[in-house]
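Chain by chain, the residues:
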Amino acid sequence: MITISAISEIFPVLMQGIKITVTVLLASIVCGYLFAFIAGFCRLSNNVILRKFTGLYVEVFRGTSLIVQLFWLYYALPILFGIDLGSDFWAGVLAISLNYGAYMSEIVRGSILSVSKGQTEAATALNMSSFQRMRLVIFPQAVRMMLPEFGNYLIQMLKATSLVSLIGMTDILYYGDILRSSNLSQAPTVYLLVLVFYFILALPLIFLTRKMESISKKGVASE
Amino acid sequence: MSEPIVTFQDVHKSFGDVKVLKGIDLEVKPAEKIAIIGPSGSGKTTIIRMLMTLEEPTAGDIIVDGNNLWKMEKNGKTVDANDKHLRAIRGDIGMVFQHFNLFPHMTILENCMTAIIHVKGENKEKAKKHSIEMLEKVGLGDKLDNYPSQLSGGQKQRVAMARALVMRPKVMLFDEVTSALDPELVGEVLEVIRGIAKDGEMAMILVTHEMDFALDVADKVLFLDEGVIAEQGSASQVIEHSKNERLQSFLKRFRS
Ligand SMILES: Nc1ncnc2c1ncn2[C@@H]1O[C@H](COP(=O)(O)OP(=O)(O)OP(=O)(O)O)[C@@H](O)[C@H]1O
Ligand SMILES: [Mg+2]
């Protein structure tokens, strides 16, 4: 049964997990976008090796599951190569951001490519350098196309943070599991509250996504 | 006579196996206005795109103000131009496109002043002043803070002209700048071009299907047909008095 007393008992325990969930999320967002832009631009580079190498990264990280990547970074890397990421925090953040960075790099690449050729030509006709063409003309237009999709990935990244409980990080789901294993009959209440917690965390992200969508529509109706 | 500002010497262009231009020779004097006419697919756009450095010739030389556009000297050898070389010469040339190609994320004023600030290094105040003057000249002084999506086709094309003019090129290229416009908007754009042409000092190459307009502003008309210049001369010679049969049948389609 879901009772008020049970809720008041569970609530403070789950609260302890919020800090980890939020810090993992924020770090993953920053790193994820960073990887997305770096990989997106590398895939458009003239350098074949760079292009192929980033292509491989993108396919590997999109083609395998996030959990397995997480376990690789946390368990396998230190043993195989002696690379220790120093903490479970960085293993979690890197797994999530490398994975979503791979997906989002495709958005970066696709958006830049979809700015029409006429824009590059007009910028060339005004004698802009190739860097200026990207910075002043192509990139600002491409970013507007990226925003709505980037917003959707924010929420997906939040959901993905719950996987870090599997490498022993004390996030919301971790505390939920602890509670459940100490008292199985409370499981429905526990997981109901876990859902509520994640949804409340998602609300600002949903709001942000809407905001990004409206920004992307402003100013740049089709030419 | 003064030295030509642009010279084409036996310029060829192929796309894959398709030979589009088969030996173009052309001289443009400073301040000269040249119209290029010809059937669709004859290579008119390709000629001016090569001059704008948007397309590389397959063979031949294009000389701009004494500099070979697509070739440069390196260690005593002649090699293909790199971006730096192109950039040093390209500033002499400006272009207006058939489909405007305005920057949709910038206001009208920003469309005009961005390149003078970043390419010519003018300070912001001056750039703004020059851009406003130029936009007033094309009749858009009241649209400075609008975005391109809020303008009519004719207005967009006038912005595109102001944007190119404010860079003060020595040669301006116009690629069928009225053919994407509704008929009732063509006049206002041609009027602006006439105004620029009367101002004088800038050379102009206009690809156009507007024969009356060509008669009015062009010092010289070229008839391009199947990749060669099949006829050239003064506007009235080419448009009104030519004996060339293909030219006559081409013109008939515009004189109905
Ligand atoms: N990038 C390209 N790749 C392949 N073929 C091209 C390319 N650009 C132009 N062509 C071909 O070259 C020929 C000449 O094209 P161009 O655009 O110069 O003709 P045009 O005289 O401007 O014609 P229109 O009056 O229709 O604008 C056409 O057959 C066209 O299909
Ligand atoms: Mg054309």
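Residues numbered from 1 in each chain as written. Chains lettered and ligands numbered in written order. Predicted model: local features only at pLDDT ≥ 70, side-chain atom pairs only at ≥ 80, totals over all residues. Heavy atoms only, no water.

In the annotation of an unreviewed UniProt entry, chain B is listed under the name Ectoine/hydroxyectoine ABC transporter ATP-binding protein EhuA and assigned to Virgibacillus profundi. Taken verbatim from the UniProt record of chain B, the Subcellular location (unreviewed entry) comment is "Cell membrane". A UniProt comment under Sequence similarities (unreviewed entry) is attached to chain B, and it reads "Belongs to the ABC transporter superfamily." (UniProt positions renumbered as here; feature names shortened; annotations may be inferred.)

**Quick look at the packing of aromatic side chains**
Residue and element names in this part refer to chain A. As enumerated under the stated definition, the model contains 14 aromatic pairs over all chains in all. With a centroid separation of 5.9 Å and an interplanar angle of 40°, the aromatic rings of Phe 41 and Phe 139 are classed as tilted. With Phe 41 in helix 1 (residues 4–43) and Phe 139 in helix 6 (residues 130–161), this pair connects stretches of sequence that are 98 residues apart. We classify Phe 41 as partly exposed; its relative accessible area is 31%. Look at Phe 71 and Tyr 75: their rings are 5.6 Å apart centre to centre, the planes differ by 70°, and that puts the pair in the edge-to-face class. Separated by 4 residues within a single helix, Phe 71 and Tyr 75 lie in helix 3 (residues 66–81), roughly one turn from each other. Owing to a relative accessible area of 30%, Phe 71 belongs among the partly exposed residues under this scheme. (Phe/Tyr/Trp six-rings, centres within 6.5 Å; stacked < 30°, edge-to-face > 60°. Helix = DSSP H or I, 4+ residues; strand = E, 2+ residues; numbered from the N terminus. Buried < 20%, exposed > 50% of the residue type's maximum accessible area, 1.4 Å probe, protein only.)

**Observations regarding the interface of chain A and chain B**
Taken residue by residue, the interface counts 26 residues in chain A and 30 residues in chain B. Across the chain A to chain B interface the summed buried area is about 2200 Å²; carbon plus sulfur atoms make up 59%. On inspection of chain A and its partner chain B, the count reaches 1 salt bridge. A salt bridge links Glu 121 of chain A to Arg 49 of chain B, with the shortest nitrogen-to-oxygen separation between them at 2.8 Å. The tally of links from chain A across to chain B stands at 9 residue pairs in polar contact (both at pLDDT 80 or more). Elements with a minimum of two residues in the side of chain A that touches chain B: helix 5 (117–125) and helix 6 of chain A. Its residues assigned to classes, the side of chain A that touches chain B comprises 10 nonpolar, 10 polar and 6 charged. (Contact = heavy atoms within 4.5 Å. Buried area = accessible area lost by both parts, 1.4 Å probe. Salt bridge = Lys/Arg side-chain N within 4 Å of Asp/Glu carboxyl O. Polar contact = N/O pair within 3.5 Å; in protein donor to acceptor, adjacent residues only side chain to side chain. Nonpolar A, V, L, I, M, F, W, Y, C, P; charged D, E, K, R; others polar.)

**A word on the site of ligand 1**
Residue and element names in this part refer to chain B. Taken together, the neighbourhood of ligand 1 is formed by Phe 15, Val 20, Pro 39, Ser 40, Gly 41, Ser 42, Gly 43, Lys 44, Thr 45, Thr 46, Glu 176 and His 209. Contacts to ligand 1 include Ser 42, whose backbone N or O atom sits 3.3 Å from an oxygen atom. For ligand 1, an oxygen atom lies 3.2 Å from a polar atom in the side chain of Glu 176. Relative to its free-state accessible area of 630 Å², ligand 1 is covered by the protein chains to the extent of 58%. In terms of residue class, the shell around ligand 1 is built from 3 nonpolar, 7 polar and 2 charged. (Near = heavy atom within 4 Å. Areas by Shrake-Rupley, 256 points an atom, 1.4 Å probe, with all protein chains shown as cover.)

**Brief notes about the UniProt feature "domain: ABC transporter" (unreviewed entry) in chain B**
UniProt records the feature "domain: ABC transporter" (unreviewed entry) at residues 6–251 of chain B, using the numbering of this structure. Helix makes up 37% of residues 6–251 of chain B and strand 28%, and the two end C-alpha atoms of the span are 27 Å apart.

**Focus on the pairing of strand 4 (residues 59–64) of chain B**
Residue and element names in this part refer to chain B. Here 5 bridges tie strand 1 (residues 6–15) to strand 4, and the two strands are oriented antiparallel to one another. Bridge assignment links Gln 9 to a residue of strand 4, and that residue is Asp 61. Inspection of the sheet shows strand 4 paired to strand 5 (residues 67–68) by 2 bridges, in the antiparallel sense. Within strand 5, the residue paired with Val 64 across the bridge is Asn 67. (Pairing = 2+ DSSP bridges.)

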